[in-house]
Amino acid sequence: MTTSHPPILDPQQLLFERALVEGMQDGVALFDAHQQTMLVNTAMERMTGLPRTAFDLTEFTRLCAPHCDVPHLLDRALREMRTTTLEEGVPIARFTYQLAITPWYSPDGALIGVVLVLHDITHLQEVARAKTEFIALASHQLRTPLTTINWYIEMLCAPDAGTLTDQQRAYCEEIARSSQRMVALVNALLNVSRIELGTLAMETEPTDIRAFARSVTADLQPTIAHKRLVIRASYDPAIPEIPADPKLLRIVVQNVVENAVRYTPAGGSVAIAVAVARAGATVNGQVVAVDSVAMTVTDTGCGIPDSQRGKIFTKLFRADNARLLETDGNGLGLYLARAILDAVGGRIWFTSEEGKGSTFTVTLPLTGMQSGGGGSSSPS
Amino acid sequence: MTTLIVEDEPAMLRALTETLTRAGFTVLEAHNGQEGLAVALREHPDLILLDLIMPVMDGMTMLRQLREDAWGKTAPVIILTNLSDAAKASEALQHHAFDFLVKSDWKLEDVVRKVRERLGDV
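From a predicted model like this one, the values you see are computed outputs, not experimental measurements.

Considering the overall build of chain B
Each helix and strand counted, chain B has 5 helices and 5 strands in total. Secondary structure elements in chain B, listed N-terminal to C-terminal, are β-α-β-α-β-α-β-α-β-α. Among the 122 residues that make up chain B, the fraction classed as buried is 51%. Contacts spanning at least 24 positions in sequence make up 59% of the contacts within chain B whose residues lie at least 6 apart. Within the structure as shown, chain B displays about 5,500 Å² of accessible surface, and the carbon and sulfur contribution to it stands at 48%.

Right, dumping it as structure tokens:
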């Protein structure tokens with residue numbers, strides 16, 4: 001293996017640069033335009049277990065191969081002429097590293113080489129995992145006192161416990177409502193932690209998405225009646241059953257329909273349509289990539305402000321107008337729906353106009369939910 | 001009809017016992033899996049409501065040991081827990097538990113309905 005020198009550095013500059021790179025905690029390797037190794041620091045040797053005399057791109061690629069396609073990432077960095085980072089992390093030995101590839105150009109724009117940097121994110125990942133495990137554990141523990149509160153309120157309101165005055169009953173109902181809201185929050189947090197820990201089990205069975213839309217709408221009937229909302233349901237009779245996990249599908253359908261009902265003012269309307277969308281068809285402003293079942297929910301609610309559209313699927317985020325209108329949301333519903341759909345190869349998107357309403361579309365491929373998902377977060 | 005409730009939390013045990021008694025069932029109580037197994041094998045209740053996380057012996061261990069007994073092999077069991085773990089649920093169903101209910105999602109009256117449904121007494 002030959003080690004070439006970059007044409008723009010004089011020997012003294014080179015010594016200086018080498019000292020700088022050597023002192024870094026991140027693993028650094030430098031290759032010339034012909035992918036010959038120019039420089040490898042001690043941190044890189046330690047991280048990869050490859051001595052610098054034997055360090056080349058082929059060896060490095062092989063080391064990362066089960067989890068990361070280094071040549072693909074390199075091509076992308078060269079094509080886009082900027083740093084390309086693999087955020088998910090590359091596991092090497094017992095550690096996890098973030099890998100960044102940066103093309104290196106001379107002042108006149110000619111490619112001199114590429115810089116490869118490994119940054120240790122093992123500790124970050126451990127902390128994130130510990131946090132998620134803590135939430136899971138705390139949520140389970142919270143359920144015990146919540147169950148006791150719910151059950152004793154139920155007993156208090158039952159005729160056997162004696163008659164409550166109307167005022168006492170109203171107080172009890174207020175306690176019950178808050179307690180049930182807490183149960184819903186705990187359940188949502190548990191689902192979030194399962195998704196983040198990757199322990200969300202998926203068990204598919206032939207499933208009719210229309211049945212879920214119907215049952216969720218039926219559950220919301222008290223609110224629908226109270227707000228005098230008009231519900232327009234249009235279910236294509238030709239929709240086949242598709243392999244899906246009922247628990248996961250329910251979370252998705254429930255969050256989308258519930259939001260429409262929650263954020264539509266009294267007297268408004270909510271339209272729920274379930275139909276087959278063929279590959280190439282445009283639904284709610286977007287082209288469907290594969291043959292899918294599409295559920296589209298249109299409301300005449302408060303809409304999503306332009307400036308906050310990018311954040312609507314972010315964990316714990318709630319739009320300002322939604323926050324004003326309904327104080328009891330938890331900012332987890334759409335995050336969960338999106339996370340589930342990402343994981344199973346489905347999609348969710350929306351169009352919206354503030355003050356007029358929103359339209360959300362959820363699609364699942366006709367082939368059903370897939371474990372491993374459609375990889376919408378993978379680098380393209 | 002006799003139901004055995006195996007539950008370590010006194011407040012929940014009391015709520016379940018009072019509710020099922022009012023609904024016309026004879027109720028037996030146990031505070032952990034070991035006690036539950038002894039009462040079940042001695043009294044042969046018509047149905048067992050079983051919690052999972054308990055001291056001395058947890059519910060899943062009790063269920064496994066119950067299934068080794070000639071009578072216990074087919075004794076009706078409903079898991080009633082706050083642990084909503086898919087792995088635990090599928091293990092319970094493998095051991096022929098009739099259902100797996102998450103307590104915080106269930107009202108007492110719905111638990112009673114479920115018990116009646118299992119006993120064919122709707």
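Looking at the overall build of chain A
Along chain A, the regular secondary structure elements total 11 helices and 14 strands. Looking at chain A as a whole, 44% of its 380 residues are labelled buried. Accessible area of chain A: about 19,800 Å², with a carbon and sulfur share of 57%.

Quick word on the pairing of strand S4 (residues 95-105) of chain A
Residues and elements named next belong to chain A. Sheet topology note: the strand S3 (residues 84-92)/S4 ladder contains 6 bridges and is antiparallel. For Pro91, the partnering residue across the bridge sits in S4 and is Thr96. Here S3 folds back onto S4, and the loop between the two strands holds 2 residues, one of which, Ala93, carries a positive phi near 55°. Two elements, S4 and strand S5 (residues 111-120), share 9 bridges in a ladder whose sense is antiparallel. Note on S5: the bridge partner recorded for Thr102 is Val115. Linkage of S4 to S5, two consecutive antiparallel strands, is achieved through a turn of 5 residues, within which Gly109 is found at a positive phi near 90°.

A look at the sheet that holds strand S7 (residues 230-235) of chain A
All names here are of chain A. If you walk across this open sheet you meet the 5 strands as S7-S9-S12-S14-S13, and the pairing is mixed. Each end of this open sheet is capped by a strand with a single partner; those strands are S7 and strand S13 (347-353). In this sheet, neighbouring strand axes are inclined to one another by 10° on average, regardless of whether the strands run parallel or antiparallel. Helix H7 (residues 209-219) contacts S7, strand S9 (269-277) and strand S12 (292-299) of the sheet and is inclined by roughly 170° relative to S7.

Considering helix H3 (residues 59-66) of chain B
Residue and element names in this part refer to chain B. If you check which residues of H3 are buried, you get Gly59, Met60, Met62, Leu63 and Leu66. Looking straight down H3, one finds that the buried residues subtend no more than 160° of arc, so they occupy a single side. Capping of H3 at its N-terminal end is provided by Asp58; its side-chain oxygen lies 3.0 Å from the backbone amide nitrogen of Met60.

Some words on the environment of Ser90 of chain B
Residues and elements named next belong to chain B. Secondary-structure assignment places Ser90 in helix H4 (residues 86-94). For Ser90, a relative accessible area of 31% gives the class partly exposed. Taking the C-alpha atoms as reference points, Ser90 and Phe100, separated by 10 residues in sequence, lie 9.0 Å from one another.

Quick look at the nonpolar core
Residue and element names in this part refer to chain A. One finds Met295 and Ile348 to be the most contacted residues of the largest nonpolar core, which totals 50 residues. With 9 residues, helix H9 (residues 246-262) is the largest single contributor of residues to this core. Met47, Phe55, Leu57 and Leu86 belong to the second largest nonpolar core, which has 24 residues in total.

Comments concerning the interface of chain A and chain B
Facing the 16 residues of chain A at the interface are 22 residues of chain B. Buried area between chain A and chain B, summed over both chains or domains, comes out near 1,700 Å², and the portion from carbon and sulfur atoms is 58%. A salt bridge links Arg22 of chain B to Asp160 of chain A; its shortest N-O distance comes to 3.8 Å. Viewed at the interface, chain B and chain A are joined by 9 residue pairs in polar contact (both at pLDDT 80 or more). For the side of chain A that touches chain B, the elements supplying multiple residues, two or more each, are helix H5 (122-157) and helix H6 (166-197) of chain A. Element by element, the count of residues in the side of chain A that touches chain B is highest for H5 of chain A, at 10 residues. Here the residues of the side of chain A that touches chain B sort into 6 nonpolar, 6 polar and 4 charged.

Topic: the pairing of S13 of chain A
All names here are of chain A. Pairing analysis gives 7 bridges linking S13 to strand S14 (residues 357-365), with the strands arranged antiparallel. Counted as the bridge partner of Glu353 is Gly357 from S14. In sequence, S13 turns back onto S14 through a hairpin of 3 residues, with Gly355 there showing a positive phi of about 85°.

Things to note about the pattern of salt bridges
Residue and element names in this part refer to chain A. Overall, the coordinates contain 25 salt bridges over all chains when judged by the stated rule. Of the charged contacts in the structure, one is a salt bridge between Arg338 and Asp342, with a shortest N-O distance of 3.4 Å. Here Arg338 and its partner Asp342 are both found in helix H11 (residues 333-344), 4 residues apart, which amounts to about one turn of the helix. Under the relative-accessibility criterion, Arg338 is labelled partly exposed at 33%.

Focus on unusual backbone geometry
Glycine aside, a negative phi is what most residues show, and trans is what most peptide bonds show. Positive phi outside glycine occurs at Gln35 of chain A, with the angle close to 65°. Within the secondary structure, Gln35 of chain A sits in the loop between strand S1 (27-32) and strand S2 (37-40). Look at Gln35 of chain A and you get partly exposed, because its relative accessible area is 39%. Phi angles above zero are rare outside glycine, and Val56 of chain B is one such case at about 65°. Tracing the chain through its elements places Val56 of chain B in the loop between strand S3 (47-50) and H3.

Section: the sheet that holds S5 of chain A
All names here are of chain A. The 5 strands are arranged S2-S1-S5-S4-S3 in an open sheet whose pairing can be described as antiparallel. Of all the strands in the sheet, just S2 and S3 have a single pairing partner and so form its edges. Each adjacent strand pair in this sheet contributes to an overall mean axis angle of 20°, direction not counted.

Calculation criteria
- Residues numbered from 1 in each chain as written.
- Chains lettered and ligands numbered in written order.
- Predicted model: local features only at pLDDT ≥ 70, side-chain atom pairs only at ≥ 80, totals over all residues.
- Heavy atoms only, no water.
- Helix = DSSP H or I, 4+ residues; strand = E, 2+ residues; numbered from the N terminus.
- Buried < 20%, exposed > 50% of the residue type's maximum accessible area, 1.4 Å probe, protein only.
- Contact = heavy atoms within 4.5 Å.
- Areas by Shrake-Rupley, 256 points an atom, 1.4 Å probe, with all protein chains shown as cover.
- Pairing = 2+ DSSP bridges.
- Axes fitted to C-alpha atoms, helices over the stretch in contact; angles between N-to-C directions.
- Arc of directions from axis to C-beta.
- Polar contact = N/O pair within 3.5 Å; in protein donor to acceptor, adjacent residues only side chain to side chain.
- Core = buried A, V, L, I, M, F, W, Y, C linked by side-chain atoms within 4.5 Å.
- Buried area = accessible area lost by both parts, 1.4 Å probe.
- Salt bridge = Lys/Arg side-chain N within 4 Å of Asp/Glu carboxyl O.
- Nonpolar A, V, L, I, M, F, W, Y, C, P; charged D, E, K, R; others polar.

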